[in-house]
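# Coordinates in review
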Amino acid sequence: MVLEVGVVGGGVVGLTTATLLQEALTGQEAVRVTVVADKFLTDTTSDGAAGVFIPSLSLRGPTPHAAREWLIKSFKYYSEIAKSPEASAAGVKRLSGYILSATDPEYVQDPYLSVLTEHRILTPAEIKAIPGGWQYGSFVSTLLIENRLNMPYLMEKFKRRGGRVLDHRLESFEELVDQFDVVCNCSGLGARYLCQDANVMPVRGQIYQVKAPWVENFFMTDNFTYVIPGINHVTLGTTNQLNSSKQEIDEYDSMNIWGKCTSLVPSLQKAQVSSFLNTASSISQMT
């Protein structure tokens, strides 16, 4: 008898979960993994994510120790890819940059940042050299996982190992009862209706992708401004609009993002704009 495992969600979390399940179950021929989703690759919100590995202040786990262990294991996983011959195909590279705040020292001193390769507080002279009137800052060395490359890499690896893909929009987990013995929920915002959890809500972001190969370090601030150099483009963002599912690009948001990012990194004034994208994440109002 074959043990059927279903992974709901075709974004980066779903595809990563599916490939890790295959690795964990290597040698057990009686197990088959299937990804179930109605959106894949460039159709997912994962596609627009800049992908810098920075722990969020909102990160929570059953305990602080558990959350830290998640970060340590995840960072090790991606660090090993970054050192491997597959790094370029997987869209993983090392990246360093600055975390800045005008008002909150905790934003730049999050204890989870110690998980990264390097984390140090900036000197007053270093902070003063960065435009924007920042009061607090830190320098970190971390990793970038560019999803435009990483998700096709994961999908190819998943299929090569015998994984199946089911293009289907679920309306309820009840549909999977007779198909799978185990189901992993990686549905992101879809959990709002699949789990009937009204506490899950969207957080709308909007970004630019620009050509600016001279930008080598990333910048992230506590006013939702970031400049993140990827492999094929630099991502400029963002908005942080709670409970908004708006899909259209907003010209006023674009003007605000451009103004904030070019003030932070003035050389971006000469960057060539490649595209505008909406991004989205999901959060729970429960803490």
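Per-chain numbering applies: the sequence of each chain, read as written, is numbered from 1 onward. With pLDDT at 70 or above as the cut-off, local features in this predicted model cover only qualifying residues; side-chain atom pairs require 80 or more to be listed or tallied, and sums for whole chains, interfaces and linings still use all residues. Where side-chain values are given, they derive from all heavy atoms of the structure, hydrogens and water being excluded.

Let's shift gears to the environment of phenylalanine 218. Numbered from the N terminus, helices here are DSSP runs of H or I no shorter than four residues, and strands are runs of E no shorter than two. Structurally, the position occupied by phenylalanine 218 is in strand β9 (residues 218–221). Classification of phenylalanine 218 by relative accessible area gives buried; the value is 0%. Each C-alpha atom, one on phenylalanine 218 and one on glycine 230, is 9.2 Å from the other, the two residues being 12 residues apart in sequence. If we ignore the near neighbours within four places in the chain, the residues touching phenylalanine 218 are Val52, Ile54, Leu95, Ser96, Gly97, Tyr98, Ile99, Val140, Thr142, Val227, Ile228 and Pro229. Summary of the burial criterion: residues with accessible area below 20% of their type's maximum are buried, those above 50% are exposed, and those between are partly exposed, where the area comes from a 1.4 Å probe applied to protein chains only. Contacts: residue pairs with any heavy atoms within 4.5 Å of one another.

For the pair helix α1 (residues 12–24) and helix α6 (residues 147–160), interaxial distance at closest approach is 9 Å and the crossing angle is 35 degrees. Remark: the crossing between α1 and α6 carries left-handed chirality. Where α1 abuts α6, its residues Val12, Leu15, Thr16, Ala18, Thr19, Gln22 and Glu23 lie against Asn147, Asn150, Met151, Leu154, Met155, Lys157 and Phe158. For helices, the fitted axis covers only the stretch in contact; all axes are lines through C-alpha atoms, and the angles between them, taken along N-to-C directions, range from 0 to 180 degrees. When the near helix sits turned anticlockwise from the far one by under a right angle, the crossing is termed left-handed; a clockwise turn instead gives a right-handed crossing.

A word on α6. Along its 14 residues, α6 runs 19 Å from first to last C-alpha, staying within 8% of the 20 Å computed at 1.5 Å per residue. If you check which residues of α6 are buried, you get Asn147, Asn150, Met151, Tyr153, Leu154, Met155, Lys157 and Phe158. Positive backbone phi, at 95 degrees, marks glycine 162, one or two positions downstream of α6. The span you would expect from a helix comes to 1.5 Å times its residue count less one.

A separate point is the packing of aromatic side chains. For Phe, Tyr and Trp, where Trp contributes only its six-membered ring, two rings pair if their centres lie within 6.5 Å, and the inter-plane angle classes them as stacked under 30 degrees, edge-to-face over 60, or tilted in between. Evaluated as defined, the whole model comprises six aromatic pairs. Ring centres of tyrosine 98 and phenylalanine 139 lie 5.3 Å apart, and the angle between their planes is 65 degrees; on these two criteria the pair is classed as edge-to-face. Linking tyrosine 98 in strand β3 (residues 92–101) with phenylalanine 139 in strand β5 (residues 136–145), this pair joins segments that are 41 residues apart in sequence. Relative to phenylalanine 219, the ring of tyrosine 98 has its centre 5.4 Å away and its plane inclined at 25 degrees; by these criteria the two rings are stacked. In this pair, tyrosine 98 is assigned in strand β3 and phenylalanine 219 in strand β9, connecting sequence segments 121 residues apart.

Pairing between strands requires that DSSP locate at least two bridges from one strand to the other. Spatially, the four strands line up as an open sheet ordered β6-β2-β1-β7, and their pairing is parallel. The sheet terminates laterally at β6 (164–167) and β7 (182–185), the two strands that pair on one side only. Averaged over all pairs of adjacent strands, the angle between their axes in this sheet comes to 25 degrees, without regard to strand direction. Here strand β1 (residues 3–8) runs beside strand β2 (residues 31–37); their pairing, made up of six bridges, is parallel. From the neighbouring strand, valine 8 faces β2, where its bridge partner is valine 36. The strands that α6 touches are β2 and β6; relative to β6, the one it contacts most, it runs at about 115 degrees.

Turning our attention to the pairing of β1. Extensive coverage of β1 is indicated by the burial of five of its six residues. Since β1 and β2 lie parallel, the crossover through α1 that links them has a hand, and here it is right-handed. Bridge analysis of β1 against β7 gives four bridges, and the strand direction is parallel. Its bridge partner being in β7, glycine 6 is matched across the sheet by valine 183. A clockwise path from the first strand over the helix to the second, with the strands pointing away from the viewer, defines a right-handed crossover.

Backbone torsion omega between glycine 237 and threonine 238 reads -5 degrees, so that peptide bond is classified as cis. If you trace the backbone, threonine 238 turns up in the loop between β11 (234–237) and β12 (241–242). In this structure, leucine 41 takes a positive phi of about 50 degrees despite not being glycine. Tracing the chain through its elements places leucine 41 in the loop between β2 and α2 (64–82).

Any Lys or Arg side-chain nitrogen located within 4 Å of an Asp or Glu carboxyl oxygen qualifies as a salt bridge. Per the stated rule, a full pass over the model turns up 11 salt bridges. Two residues, arginine 164 and glutamate 4, come together in a salt bridge whose shortest N-O distance is 3.9 Å. Of the two residues, arginine 164 sits in strand β6 while glutamate 4 sits in strand β1, which places them 160 residues apart along the sequence. A salt bridge links glutamate 23 to arginine 161, with the shortest nitrogen-to-oxygen separation between them at 3.5 Å. One end of the pair, glutamate 23, is in helix α1; the other, arginine 161, is in the loop between α6 and β6, with 138 residues separating them in the sequence. Among the residues examined, glutamate 23 registers a relative accessible area of 34% and is labelled partly exposed. Salt bridges here are not isolated pairs; linked through shared partners, they connect Glu4, Arg32 and Arg164.

What follows covers the nonpolar core. The biggest cluster of nonpolar side chains holds 45 residues, and the ones touching the most others in it are Phe53, Tyr78, Phe218 and Ile228. It is α2 that contributes the most residues to this core, seven residues altogether. Once you skip the residues sitting within four places of it in the chain, phenylalanine 53 turns out to touch Leu71, Ser74, Phe75, Tyr78, Leu116, Thr142, Leu143 and Ile145. Among the buried residues, those of types Ala, Val, Leu, Ile, Met, Phe, Trp, Tyr and Cys that are joined through side-chain atoms within 4.5 Å form a nonpolar core. Grouped together as the second largest cluster of nonpolar side chains are 21 residues, Phe139, Phe219, Cys261 and Leu264 included.

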